[in-house]
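A closer look at the structure
The chain contents come next:
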Amino acid sequence: MTAQRRVVAEVLDGEHVHLTADEVHARAVVKLPEISRATVYNTLGELVSLGEVIEVSTDKRAKRYDPNAHRPHQHLVCAGCGAIRDVHPGGNPLADLPDSERFGFTISDVEVTYRGLCPNCAAA
């Protein structure tokens, strides 16, 4: 693992981390001043391709990168500030779609996004 990839992985480490590429770069520069924005973008692309990181797109905001790629989960997104939290609702969303609503599709994956206001935005 290169120093650059290691630093990007360290920046993404943690629970509920959903940083933009620019946020990853800003944090990575603190740890490795010579890391370029292009290197961060390329590294994030590689990590997504390897299945180590999930690219999260919500509305028209910047893409975010979720290191929680190995535990099935959904996202809770604040409509005000864009904060994203990982959530683990009960049940199986793949199984919850009735056969009559599958229209002959073989379902392989599902993405559910819950939207609302975080406590800070709700209080404003």
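Under the annotation held in an unreviewed UniProt entry, the protein chain carries the name Transcriptional repressor and is attributed to Streptomyces spiralis. Listed under Sequence similarities (unreviewed entry) in UniProt, the entry text for the protein chain is "Belongs to the Fur family."

Regions with low pLDDT should not have their predicted coordinates read in detail. Of all residues in the protein chain, 100% have pLDDT values of 70 or greater, and the mean over the chain is 90. Here strand 5 (residues 84–87) stands out as the element of the protein chain with the lowest mean pLDDT, 91, in contrast to helix 2 (residues 21–31), whose mean of 96 is the highest.

In spatial order, the strands read 5-4-6; together these three strands make up an open sheet with mixed pairing. Each of the sheet's edge strands pairs with one partner strand only, and the pair in question is strand 5 and strand 6 (113–116). Each strand of the sheet is rotated relative to its neighbour by a mean of 25°, with strand direction disregarded. Where strand 4 (residues 74–78) lies against strand 6, four bridges are found, and the strand directions are parallel. In the strand pairing of strand 6, Leu 76 is matched with Tyr 114.

Turning to the sheet that holds strand 2 (residues 54–56), a few remarks are in order. Read across the open sheet, the three strands follow the order 1-3-2; overall the sheet is antiparallel. The two strands at the open ends of the sheet, each matched to only one other strand, are strand 1 (19–20) and strand 2. Pairing between strand 1 and strand 3 (residues 64–66): two bridges, direction antiparallel. In the strand pairing of strand 3, Leu 19 is matched with Tyr 65.

Note that Arg 102 resides in the loop between strand 5 and strand 6. Under the relative-accessibility criterion, Arg 102 is labelled buried at 19%.

Here strand 5 shows a clear split, with Ile 84 and Asp 86 buried on one side and none of Arg 85 and Val 87 buried on the other. Relative to strand 5, strand 4 runs antiparallel, the two sharing four bridges. Bridge assignment links Gln 74 to a residue of strand 5, and that residue is Val 87. Taking the residues that link successive antiparallel strands as the turn, the strand 4-strand 5 hairpin has five residues, and the phi of Gly 82 there is positive, at about 85°.

Axis angle and axis distance: for two packed helices, these are the angle between their axes and the distance between the axes, and together they describe the pair. For the pair helix 2 and helix 3 (residues 37–49), interaxial distance at closest approach is 9 Å and the crossing angle is 120°. The angle between the axes of helix 2 and helix 3 places the two elements in the oblique class. Taken as a pair, helix 2 and helix 3 cross one another with a handedness that is right-handed. In this structure, helix 2 contributes Ala 21, Asp 22, Val 24 and His 25 to the contact, and helix 3 contributes Arg 37, Val 40, Tyr 41 and Leu 44.

Criteria and cut-off values
- Residues numbered from 1 in each chain as written.
- Predicted model: local features only at pLDDT ≥ 70, side-chain atom pairs only at ≥ 80, totals over all residues.
- Heavy atoms only, no water.
- UniProt positions renumbered as here; feature names shortened; annotations may be inferred.
- pLDDT = per-residue confidence, 0-100.
- Helix = DSSP H or I, 4+ residues; strand = E, 2+ residues; numbered from the N terminus.
- Pairing = 2+ DSSP bridges.
- Axes fitted to C-alpha atoms, helices over the stretch in contact; angles between N-to-C directions.
- Buried < 20%, exposed > 50% of the residue type's maximum accessible area, 1.4 Å probe, protein only.
- Parallel < 35°, antiparallel > 145°, perpendicular 65-115°, else oblique.
- Left-handed = near helix turned anticlockwise from the far one by under 90°.
- Contact = heavy atoms within 4.5 Å.

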